[in-house]
Amino acid sequence: GAGVSQSPSNKVTEKGKDVELRCDPISGHTALYWYRQSLGQGLEFLIYFQGNSAPDKSGLPSDRFSAERTGGSVSTLTIQRTQQEDSAVYLCASSLARDRGYEQYFGPGTRLTVT
Amino acid sequence: AQKVTQAQTEISVVEKEDVTLDCVYETRDTTYYLFWYKQPPSGELVFLIRRNSFDEQNEISGRYSWNFQKSTSSFNFTITASQVVDSAVYFCALSEALRGAQKLVFGQGTRLTINP
């Protein structure tokens, strides 16, 4: 079956502009996660959605970052007024259930470059 | 606080050698899950294995094996008879069972290069 898909695969934007990154999870997966991978910080958790529960936003680095998940499926991560330190690969993952033991399947990522 | 340490930043071996990637973790919980992921040059993270904290049985899958030892808080990964296709960055990760989110806490990764 289809895996997690993300778009765009690459995004170059000017400092100060807003960007939207999209994630399509695996069909039937109720949990969705966003992570960020950068050279200096490694892989960092950003936000987690599970069903209709309130998302866990504890990993968002600033209020310029937000995310939503519509209809329990597709998610969009929005970064407002981008800064150069936002440059990173943004990874989306999904898993089957709330059970903490379920493995997360990752998408190919969106490489964001802020100039 | 949760923490995962992969002390080996880079490892380089010749094909057919055995290689072990180390992973040490810290957690306050008694119930938790440990994972290994592979990130090949293409960039996509590939799930390899999951263990829960109650199952200390070692696992073997083909040329891959994992040694989980709670006494030393380690979850090491061994590749036997390494191949060039094993070249990748390998991440160890921890997920706590009792917290609100199932977020993964990753180690910094070990870049493994298998030379022909």
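It should be noted that the structure appears before, not after, this text.
Not measured: the values here are computed from a predicted model.

### Some remarks on the side chain of Ser82(B)
All names here are of chain B.
- For Ser-82, the position within the fold is in the loop between β9 (74-79) and β10 (88-96).
- Owing to a relative accessible area of 0%, Ser-82 belongs among the buried residues under this scheme.
- Engagement of the side chain of Ser-82 in a polar contact is seen with the backbone oxygen of Glu-17, the distance being 2.8 Å.

### As for the pattern of salt bridges
Residue and element names in this part refer to chain B.
- Scanning the model with the defined rule gives seven salt bridges over all chains in all.
- A salt bridge links Arg-51 to Glu-59; the shortest N-O distance between them is 2.5 Å.
- For Arg-51, a relative accessible area of 8% gives the class buried.
- Put simply, Arg-63 and Asp-86 hold a salt bridge, and the shortest N to O gap is 2.8 Å. Taken as a pair, Arg-63 in the loop between β7 (59-61) and β8 (64-69) and Asp-86 in the loop between β9 and β10 lie far apart in primary sequence, 23 residues in all.
- A relative accessible area of 25% places Arg-63 in the partly exposed class.
- Owing to a relative accessible area of 1%, Asp-86 belongs among the buried residues under this scheme.

Calculation rules
Residues numbered from 1 in each chain as written. Chains lettered and ligands numbered in written order. Predicted model: local features only at pLDDT ≥ 70, side-chain atom pairs only at ≥ 80, totals over all residues. Heavy atoms only, no water. Helix = DSSP H or I, 4+ residues; strand = E, 2+ residues; numbered from the N terminus. Buried < 20%, exposed > 50% of the residue type's maximum accessible area, 1.4 Å probe, protein only. Polar contact = N/O pair within 3.5 Å; in protein donor to acceptor, adjacent residues only side chain to side chain. Salt bridge = Lys/Arg side-chain N within 4 Å of Asp/Glu carboxyl O.

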